[in-house]
Structures are given as C-alpha cells and as structure tokens.
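These are the residues of each chain, in order.
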Amino acid sequence: MAHFYDSIRLLAQSVTVTEINTHLKQILDSHDEIQGCWVRGEIADLHHHTQSGHIYFSLKDHQSRIRCVMFRSDAVSVPFRLSDGLSVIVYGDISVYTRGGTYQLYARQILGLGDGALARSFELTRQRLAEDGLLDVARKRDLPRFPRRIAVITSPEGAALKDIIAVMKRRYPIVELVVVPCLVQGDNAVSSILSALDAAAEDGRFDVGILTRGGGAADDLWVFNDESVARQLADMPFPMVCAVGHERDFTVCDLVADVRAPTPSAAAEMVVPDMSSVLDQIFHMESRAKRSLIALADMCQSRMRALQSSWVFRRPDMITGSHRQALEELAHRLELALTKIIEPRNTKLGLIAGRLEACSPLKTLSRGYSLVTNMRSNQLVLSTSQVAPGDDIEVRVSDGVFSARVKGVGGEPAGGGRH
Amino acid sequence: MAVGTENLEKMSFEERLAKLERIVETLEEGKLGLAKSLELFEEAVALARSCRSELEDAELRITHLTDKAEGMDRPAVGEADDEAE
C-alpha cells in the first residue's frame, strides 16, 4: 500500500494552517523594514467595530491595497475623524493575522494628509502664528505700484516660474526678475526655502517678492504649511506675495504673506502693473497737462479782452472828467468856506474902523486945529517952552502941511490964532 | 527749471512717472503764471515721452540669485506641472 505510506509520509512532512501562518508571521515579524514603517495611501472600507473599539480599514492607491487594523488603545489617540477617501500616512508593523490567514498593517499612528487632519494641523499652526500677531491685517504691506526688482523664490525648473516670466514679459517687461532658486517639495524643501528667503532678504535690493510653486498633491504643498517657513516669510524686509498651487489650495504661507495670489500667474499680475494701462495713464496725464495749459491761456486771453473793453480804453476823457468835476466842486466848497470865515470879520472891521475914525486927529484938524512939529527937535509942539524964536516948524492942517519960522514966543496967545 | 534729458536719464521710471503726476496736479491747480506753467508743461511732455519710450523699448531682465540656496546641485524633484493657466 504504497499509496497509504506515501500519505503517511506526506502527512508527516506537511504543516498545519496554523503552522504556516505562524511561520509566515515569524518571517514578517523578523524583517525590520516592515516593522515600524510608514505607509502612505487612501483610506477605504473603513469599519469601526463598535464592541471592541478597533478600527478596520484598507489603505489603497490606484494599483494596490493593504488590510489595516488599529486597536482601540491606539485608535483613541487619532486626533481627527477618519473617513473613506482620506489621504493618510500610517505608522505600524506589518504582520500576519494567523486566524484569518491575512497579512495586515497593524496601525499605531495615523497622520492625515487629507482634509480633516490637514485642517487640524493647519489650525494649530495658524493659532500659534496668530498669537504672535503674524496674521494681523495691520502687518500687511501694500505692494509697490511700480516695482523695479522682483524676487521670485521658487524652483527654477517649475511651471510656476515659467508662468510668472510669461506674465511679466507681456505686462511689464521693464522690471528685473531675479530667480531665487529653491526646492519646493521633498525632504530638503523646508531648509532650501528658508535659505532662499534668507538670501533674498540679505540682498536688500528687492521691492517685492513672490514665493511660489505650481499645483501638486496636497502633501507636495505641505512644505508651505511649515511653521518655520511661514515665520521667515512674515519676517521678510519687503512685501511678499504667496502663490502656492491652485485657487483651491490654501496654505499657512498664504495667511502670513502680505498678499495671497491664487496662482503663480495671478501673483505676477498683482505684482506688476499692466504696461498698456501705464501707457494709458501717461497719455491721460499728458492730456490733462494740455487741458490745464489751454485753460490757462484761455483765461489769460479772456482777462485781456475784458481789460481791453474797459471804458478806460474807450473813453479816456472820462478819467479826467471825473477829476475835473471833483476839482470844481472843491473850488466851490473852498469859496463858500472862505466867505464864511471872512464875512463876520469884515463886518467887525467896519465897526472898528468907524470907531477909529471918530477919534482920528485928522477929524480934529478938519475943524481948524493944526499940529505943529519943531523941525529942530522933531517933536510935536505942545508947549511954548518947546520953541524958540527962529526955529523952523512944520504945521499940519487937515489937507496938508506947510513950513514956518517962529518969530517970537509969548505966554498968552497974542492975537492971530494958534500956530 | 525745466529738466533736461540728462536729468531724466538719472531718474527712475517710477520717479519720472511720479513727477509727471505732480506736475499735472500743479498745472490743474492753475495757481501758476503763464510762463511758469508753460515751463512745467514742457517738462511734463518730456517726462511722458521718456516714460513711454522706456516702457515700449523694455525687455524683461531675468537673473538668478545663486548663492546660499541649499541643495540646488540637483534639480527640484518632479514638481507637478499641472498649472491652471
């Protein structure tokens, strides 16, 4: 019964299901590279086992999948809500589940790359930056209207740079675009971006900068959520525009930057003015200058016309006419004033003159008296003692004088009137 | 004083544009005499001409700031080139 003994031998050689699974488990467990490894993928078939509190799910990418389990003790420390479709990185050991004959990833830690976890991590960083005042609106600087030297901090190979160059060439080619090269993804990206920001800051001649990279997967953009990058971005000595990924991508750097641009091209458009609009502005200013000058010339001309049509030029005689009239009026007033002053005095003078005339010696003379003056002594003769015989005398009567000589001097008038 | 072309050369594009703007505003205020206004107007025309020709003749200058940036001996790895524009 060869068949029987063969069977006995085969039985002796064979292993049980438990043995093979246990063996496989030992093999896997002894491989360090699959013990304590990080596996990246998307969550599928998520199942929370309500009684045990364990979590069962699959990690998959577009070609393959792996079963995963996370025990309750680890599951409680996952800081976000798991859901199907979430991109995660799972840390754990790969081993065999001997009872089910499946190998699986025994998850111990899950880092989210998708919405929930990203949002949470993002929020924590945002809070720390906000506490330090780095997100204050007052910190945001205005972009220069006409930049001259622009730092573009990005991968020199990337599409972002090509887009920015294209926009600046078209819109405003008068600037100098300085590429500050750095890695924008991968393990060294953070330190590379930090050094590039440093170099740009030290250069000291930039008017504005753009930190940018093109679109990519969420974890490719994660470097722009790095806190140290964000802090250094906030520290830049010139205004910074952040343009990472697409419109829908929003990073911590976007929050910190002076301006956030939805795309690299949009950043370029924000940073430089449009040449054609600047040309329009120049044209506009030129015509404003012309208009002002024409207005000024018109004003001068109309002022001249107004002056020329003045009565001064049409009736120059009117200038003297008014003066003449004024003069005549003044003369009249002067006359009146003088009359007023002179008239009363004239009257008074007449009275005084009448009185004066009443006591005038001439009046006495006309009644027959005469005045005798001794020519020798030149004195009026009032007494006989004032004359001696032979003196020449002058006698004044009412209508004139005549000369005479004293013949004799006596006490009493001796006939013949008074001399 | 009217600005000669040699002075225009020394001023940056932005300075010239700013000066043009200032002159236009001064002219619009209309407080200056005719002679001074004419002088400023000539200056404005010269500024506008110089700005315009600089813009029209300009070519984008692209340079690299190559010191210090670490790890640039190898090219940036596989940045996704799926730009939206």
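In the block above lies the structure referred to throughout.
Residues numbered from 1 in each chain as written. Chains lettered and ligands numbered in written order. Predicted model: local features only at pLDDT ≥ 70, side-chain atom pairs only at ≥ 80, totals over all residues. Heavy atoms only, no water.

Participant: Any chance you could break down the overall build of chain A for me, citing the residues and the numbers?
Facilitator: If you tally the helices and strands in chain A, you get 13 helices and 14 strands. Split into buried and exposed, the 419 residues of chain A put 37% on the buried side. Sequence separation of 24 or more characterises 59% of the internal contacts of chain A that already satisfy a separation of 6 or more. (Helix = DSSP H or I, 4+ residues; strand = E, 2+ residues; numbered from the N terminus. Buried < 20%, exposed > 50% of the residue type's maximum accessible area, 1.4 Å probe, protein only. Contact = heavy atoms within 4.5 Å.)

Participant: Tell me about the overall build of chain B, residues and numbers included.
Facilitator: When its secondary structure is counted, chain B shows three helices and one strand. Going residue by residue from the N terminus, the α and β elements of chain B occur as α-α-α-β. Burial analysis of chain B (85 residues in total) assigns 35% to the buried set.

Participant: Run through the pattern of salt bridges, naming residues and quoting values.
Facilitator: Close approach of charged atoms lets side chains of opposite charge pair. The full count for this structure, using the stated rule, is 23 salt bridges over all chains. A salt bridge links B:Arg52 to A:Glu286; the shortest N-O distance between them is 3.3 Å. Here B:Arg52, found in helix 3 (residues 34-57), pairs with A:Glu286, found in helix 10 (residues 275-308), and the two come from separate chains. When its relative accessible area of 11% is taken as the criterion, A:Glu286 is described as buried. The partner of B:Glu54 in a salt bridge is B:Arg16, with the nearest N and O atoms 2.5 Å apart. Taken together, the residues B:Glu54 in helix 3 and B:Arg16 in helix 2 (residues 13-29) connect sequence positions 38 residues apart. (Salt bridge = Lys/Arg side-chain N within 4 Å of Asp/Glu carboxyl O.)

Participant: Tell me about the interface of chain B and chain A, residues and numbers included.
Facilitator: Facing the 50 residues of chain B at the interface are 59 residues of chain A. Counting every contact that joins chain B to chain A gives five salt bridges. With a closest N to O distance of 3.8 Å, B:Glu21 and A:Arg145 form a salt bridge. The tally of links between chain B and chain A comes to nine residue pairs in polar contact (both at pLDDT 80 or more). Contributing elements (two or more residues each) for the side of chain B that touches chain A: helix 2, helix 3 and strand 1 (61-64) of chain B. With 12 residues, the single largest contributor to the side of chain B that touches chain A is helix 3 of chain B. Residues that form the side of chain B that touches chain A fall into these classes: 25 nonpolar, seven polar and 18 charged. Examined bridge by bridge, strand 7 (residues 176-181) of chain A and strand 1 of chain B share four bridges and lie parallel to one another. The residue of strand 1 of chain B that forms the bridge with A:Val178 is B:Thr63. (Polar contact = N/O pair within 3.5 Å; in protein donor to acceptor, adjacent residues only side chain to side chain. Nonpolar A, V, L, I, M, F, W, Y, C, P; charged D, E, K, R; others polar. Pairing = 2+ DSSP bridges.)

Participant: Describe the sheet that holds strand 12 (residues 379-380) of chain A, listing the residues and the values that go with them.
Facilitator: All names here are of chain A. Strand order in the open sheet formed by four strands is 12-11-13-14, and the pairing between neighbours is antiparallel. Both outer strands of the open sheet, strand 12 and strand 14 (400-405), are each paired with one neighbouring strand and no more. With four bridges joining them, strand 11 (residues 371-374) and strand 13 (residues 392-397) adopt antiparallel strand pairing. Across the sheet, Leu 371 pairs through a bridge with Arg 396, a residue of strand 13.

Participant: Can you explain the sheet that holds strand 10 (residues 259-260) of chain A? Please cite residues and give values.
Facilitator: With respect to topology, six strands assemble into an open sheet ordered 10(A)-9(A)-8(A)-6(A)-7(A)-1(B), the strand pairing being parallel. Whereas interior strands pair on both sides, the edge strands pair on one side only; in this sheet they are strand 10 of chain A together with strand 1 of chain B. Taken together, the four bridges between strand 6 (residues 149-154) of chain A and strand 8 (residues 208-213) of chain A define a ladder with parallel strand orientation. Paired with A:Ala151 across the bridge in strand 8 of chain A is A:Gly209. Running at roughly 170 degrees to strand 8 of chain A, helix 9 (residues 264-271) of chain A makes contact with strand 6, strand 8, strand 9 (240-244) and strand 10 of chain A of the sheet. (Axes fitted to C-alpha atoms, helices over the stretch in contact; angles between N-to-C directions.)

Participant: Any chance you could break down the side chain of A:Glu176 for me, citing the residues and the numbers?
Facilitator: The topology assignment puts A:Glu176 in strand 7. Here A:Glu176 falls in the buried class, since its relative accessible area comes to 10%. Engagement of the side chain of A:Glu176 in a polar contact is seen with the side chain of A:Arg149, the distance being 3.3 Å. In contact with A:Glu176, other than residues within four places in its own chain, are A:Arg148, A:Arg149, A:Ile150, B:Arg61 and B:Thr63.

Participant: Outline the packing of helix 6 (residues 189-203) of chain A against helix 7 (residues 227-234) of chain A, supporting the account with residue identities and numerical values.
Facilitator: For any two helices packed against each other, the geometry comes down to the angle between their axes and how far apart the axes lie. All names here are of chain A. It is the contact of helix 6 with helix 7, at a shortest axis distance of 9 Å, that shows an interaxial angle of 10 degrees. Judged by the angle between their axes, helix 6 and helix 7 are roughly parallel. Across the interface between the two elements, Val 190, Ile 193, Leu 194, Leu 197 and Asp 198 of helix 6 pack against Ser 228, Val 229, Gln 232 and Leu 233 of helix 7. (Parallel < 35°, antiparallel > 145°, perpendicular 65-115°, else oblique.)

Participant: Go over a nonpolar patch on the surface with me, naming the residues and quoting the values.
Facilitator: Residue and element names in this part refer to chain A. On the surface, Leu 307, Trp 311, Val 312, Phe 313, Met 318 and Ile 319 cluster together to form a nonpolar patch covering roughly 580 Å² of accessible area. Going through the elements one at a time, helix 11 (311-314) and helix 12 (317-358) are the ones with two or more residues in the nonpolar patch. Here the nonpolar patch takes three residues from helix 11, the largest share from any one element. Mapped onto the secondary structure, Met 318 falls in helix 12. (Patch = residues over 30% accessible without salt bridge, like charges linked within 9 Å, V, L, I, M, F, W, Y side chains within 5 Å. Areas by Shrake-Rupley, 256 points an atom, 1.4 Å probe, with all protein chains shown as cover.)

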